[in-house]
Amino acid sequence: MEKLRSLNVVPALVESGSFQDLVNDGQTISLAPSPLDGSLGVFISPHATFIADTFVIFSALQNLLKTPERHSRSLIESDHDVNVVRKLAIDFVNFIKECWVHASRPVPRPDGPLQFSGDHYRSLYTCFSLFVVLFIPESGYEQAPVGDELMEWLNTHFIEPSTEEGDLLSGLDKPWEDETFWPYLTRAILRGLNKASIFFLDALSKHPSEDLTHLTETLIPLIESQPRLQDFNTERDFAQSTRRWKDKVKALRIDMERVPEGARWDDIENWWERLSDIVGILEGRPEVLKRVCNELGGDWKEVCVAWGIFVDPRLRRQDLVSRDLVSDILLDMPPDPTNLEDNINAALLGGNLSEALEFSLKLDPWLSAHFADFMAPLHLLETNEESDLSLRDFYILAYAEYLYSDPALWRITIDYMYSCSDIGKLRADTILTRVPLQLRQQGQATNPETIERIRSGDIIGVLKDINECCLQYNREGVRRTISARAFIEERNYGLAASYCTSAEDWSGLGHIIDYVLEDHIAEHAAAIAPIIQKLGLQSNVNGVFYYRLIFVTRYARLQELLYRKELSDAASDLITIIQDDIAPASWWAVILCDSVHLLEYEHRLLFSSSQASLLLRKLEEISLKVSQGAGSEYLGVLSRMVEGKDQKEALKRLQLVRLALARQLADQTRVYQRSYHTKPILNLFG
């Protein structure tokens, strides 16, 4: 078969032609089987340290939600619980910030580049901070105006104007002559940066225009006295103060209109229009705000946030959605379609949480999972009664699948899965059963004391970790199945089968039977024989496994009878095995080969003519199946037993069976002298 030179992944990890970017960033690609359906997943390897540390916060939230009182009342109705959830969310924000700072430091990294850049963590920091501001406010502030909080978020994560611009302008004798002066001053006022705004307004006291100097003397106190919600005890007081402040801004506008047209210019530009834009913002004129933000190179974020400061200072969180404020702004100033962070923030501000989760999943599965984990107990997610998988569980499991690309993170992976409904729990069960037990070092046998400690319940190492997981999440059936694996590795098939039976792990029991069939059946079958009586009383046992188990014990007894030379009983057991049709098809040829010694017994005939005919029909069936191309299915076991280990040698063994049967039938003909034995003899060699 031609080797694959490439593998197409759907959906793509990166856009076409961008794979080298992963290499340059030091990213690692990992592959893992899905616990859902066994399909292969290809991932950018998870950032392990970040995952492990944030998992602690995730666990704290799960522990809060698992307390008994959560079942009797809604989480959001308790101020105490909301504050606890808020604290945990802020813990996430602070930790992401630390990762961003660490990843952004230009320091030597002897272990190679970090898996994710500082910019990636900055995006997580920005998005999670906005989520907390919008959806997990401090208790008692749910209905409070949100403008100041949003402005603080904007100034923290999207710094404008730059410090470098301010430093440059502050060193000029006549800063208004620089082309960046008015844009800088306008943006400083727009962002609520009062110190910088007042500094440069005060610099205009040296401007040659007396009108401008007079107006700035009025404007400076207005900037200094703009009402802020945190400065008032009640929202009513804040609203009244805001109205009085707005009246003063209107008075300033009247003064501006009195400036003659010819006096509105200096040697550089029309200062009156620049100042008019600033006053228009303070007045809360939407059209001025949008135009100025656009001219300054701002985007929809700046307009939305400034709206809650100047246009509608009493703007509440729910107003962003109910008044279609964000959606209307986005029609004129849409987010950058190539920037996932920008789209996540737009969806959050617009209250479109489903869309926010979709974009978050593309940015980082960690983000979408932990967004959804907070949204669910706060009743922010839509429910679908027709689906067995909630939206929260969908994103948690998507993240867990991503984690599973690193097998070393199996413990964290299953904790996320076990926090979900039955679908997630079953996937976690699958992962647990695949964790390597590591009972022995490579190339070394297990210490006898180790297996004895396991047998007595004193389990150690990885098996101990798995056992603790099963006990923590009440997965007793899984624990027994995995314990059975430990005994399988030590070829203690009796205890392994006992564990599988008690866990009703019929697939596992089938594997144990296969091991016994492959590994000296006569030696180990006796160990699992007592289980047959137990299984016979259970109605839910899969028939395939039950009859395979019966075959193992029957065949082991046949070998024992042959060894003790109790040939008459051996012949009877061999015929019973074939008549009851309990042997797997791959063992038919082996059983027929075992009959040769019995067919060639010289002292008396051990098979009746009908029994010999039964053996012949089974032999003909095997020959027919092999001629039809099913040789591996019917001769696989025998081929592994014979010298040369191939089908050609196995067929030679079956030819010996045919010869032995021919002699048997010939002897029966001579003894009984009955004509109806002639036909099978004539057709024996075809």
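The structure we're discussing is the one just above.
Draft legend 1. Up close: the overall build of the chain. Of the regular secondary structure elements, the chain holds 35 helices and two strands. Relative to its full complement of 686 residues, the chain shows a buried share of 49%. A total accessible area of about 35,400 Å² is found for the chain, and carbon and sulfur atoms account for 50% of it.

Draft legend 2. Broad picture of helix H5 (residues 147–157). All of the buried residues along H5 are Gly147, Leu150, Met151, Trp153, Leu154 and His157. Along the axis of H5, the buried positions cluster into a sector of 160°, meaning they face one direction only. Residues of H5 that are buried in the fold lie against helix H4 (118–135), helix H7 (181–190), helix H13 (300–311), helix H14 (319–322) and helix H16 (340–349).

Draft legend 3. Structural view of the environment of isoleucine 96. Here isoleucine 96 lies in helix H3 (residues 79–104). Here the alpha-carbon distance between isoleucine 96 and serine 129, two residues 33 residues apart in the chain, equals 9.7 Å. Filtering out sequence-adjacent residues up to four positions away, isoleucine 96 remains in contact with Phe50, Tyr121, Leu124, Tyr125, Phe128 and Trp366.

Draft legend 4. Expanded view of the pattern of salt bridges. Taken as a whole, this structure holds 34 salt bridges when the rule is applied. Of the charged contacts, one joins arginine 264 and glutamate 261 as a salt bridge, the two residues approaching to 3.2 Å between their closest N and O atoms. Within this structure, Glu160, Arg187, Arg191 and Glu302 form a network of salt bridges that share partners.

Draft legend 5. Spatial organisation of the side chain of lysine 246. Position of lysine 246 among the secondary structure elements: in helix H10 (residues 235–257). The buried charged residue lysine 246 lacks any salt bridge partner; its closest oppositely charged side chain belongs to glutamate 283, at an N-O distance of 8.4 Å. Looking at lysine 246, its side chain comes within polar contact range of the main-chain oxygen of leucine 282, at 3.2 Å. With residues near it in sequence (within four places) discarded, lysine 246 still touches Leu282, Glu283, Gly284 and Phe310.

Draft legend 6. Structural context of a positive patch on the surface. Taken together, the side chains of Arg236, Arg243, Arg244 and Lys248 define a basic patch exposed on the protein surface. Relative to the elements of secondary structure, arginine 236 occurs in helix H10.

Draft legend 7. The arrangement of the packing of helix H31 (residues 588–599) against helix H33 (residues 631–641) in detail. For the pair H31 and H33, the least separation of the axes is 6 Å and the interaxial angle reads 55°. Relative to H33, the element H31 is oriented oblique. Of the residues in H33, those touching H31 at Trp588, Ala589, Val590 and Cys593 are Tyr634, Leu635, Val637, Leu638 and Met641.

Draft legend 8. Structural view of the nonpolar core. Residues Phe128, Phe371 and Phe374 are the most contacted members of the largest nonpolar core, which totals 130 residues. It is H4 that contributes the most residues to this core, ten residues altogether. Apart from residues no more than four positions distant in its own chain, phenylalanine 374 is found in contact with Leu61, Val85, Leu88, Ala89, Phe92, Phe128, Phe131 and Ile136. Core analysis: the next-biggest nonpolar cluster, separate from the first, contains 46 residues, Ile578, Leu606, Val637 and Ala660 among them.

Draft legend 9. Layout of the side chain of arginine 86. Tracing the chain through its elements places arginine 86 in helix H3. Salt bridges are absent for the buried arginine 86, whose nearest opposite-charge side chain, glutamate 138, sits at 5.0 Å.

Draft legend 10. Quick look at the packing of aromatic side chains. Per the stated rule, a full pass over the model turns up 31 aromatic pairs. Their ring planes at 80° and their centres at 5.4 Å tell us that phenylalanine 92 and tryptophan 366 sit as a pair that is edge-to-face. Of the two residues, phenylalanine 92 sits in helix H3 while tryptophan 366 sits in helix H18 (residues 365–375), which places them 274 residues apart along the sequence. Each member of the pair phenylalanine 92 and tryptophan 366 is classed as buried.

Draft legend 11. The arrangement of unusual backbone geometry in detail. Omega for the bond connecting glutamate 160 with proline 161 falls within 30 degrees of zero, at -10°, which places this linkage in the cis form. Relative to the elements of secondary structure, proline 161 occurs in the loop between H5 and helix H6 (163–170). Backbone geometry places asparagine 474, a non-glycine residue, at a positive phi of 55°. Assessed through its relative accessible area of 65%, asparagine 474 is described here as exposed. Positive phi, normally seen in glycine, also occurs at lysine 565, with a value near 65°. Relative to the elements of secondary structure, lysine 565 occurs in the loop between helix H29 (543–563) and helix H30 (567–579). The class of lysine 565 is exposed, set by a relative accessible area of 64%.

Draft legend 12. Region of the structure containing H16. Of all ten residues in H16, nine are buried, a share of seventy percent or more. Within the sequence span of H16, burial applies to Glu341, Asp342, Asn343, Ile344, Asn345, Ala346, Ala347, Leu348 and Leu349. Here H16 starts with a cap whose side-chain oxygen sits 3.0 Å from the backbone nitrogen of glutamate 341, and that cap is asparagine 339. Looking one or two residues beyond H16, the residue adopting positive phi is glycine 351, at roughly 75°.

Calculation notes
- Residues numbered from 1 in each chain as written.
- Predicted model: local features only at pLDDT ≥ 70, side-chain atom pairs only at ≥ 80, totals over all residues.
- Heavy atoms only, no water.
- Helix = DSSP H or I, 4+ residues; strand = E, 2+ residues; numbered from the N terminus.
- Buried < 20%, exposed > 50% of the residue type's maximum accessible area, 1.4 Å probe, protein only.
- Areas by Shrake-Rupley, 256 points an atom, 1.4 Å probe, with all protein chains shown as cover.
- Arc of directions from axis to C-beta.
- Contact = heavy atoms within 4.5 Å.
- Salt bridge = Lys/Arg side-chain N within 4 Å of Asp/Glu carboxyl O.
- Lys, Arg positive; Asp, Glu negative; His and termini not counted.
- Polar contact = N/O pair within 3.5 Å; in protein donor to acceptor, adjacent residues only side chain to side chain.
- Patch = residues over 30% accessible without salt bridge, like charges linked within 9 Å, V, L, I, M, F, W, Y side chains within 5 Å.
- Charge placed at Lys NZ, Arg CZ, Asp CG, Glu CD.
- Axes fitted to C-alpha atoms, helices over the stretch in contact; angles between N-to-C directions.
- Parallel < 35°, antiparallel > 145°, perpendicular 65-115°, else oblique.
- Core = buried A, V, L, I, M, F, W, Y, C linked by side-chain atoms within 4.5 Å.
- Phe/Tyr/Trp six-rings, centres within 6.5 Å; stacked < 30°, edge-to-face > 60°.

All we've got here are geometric facts, nothing functional implied.
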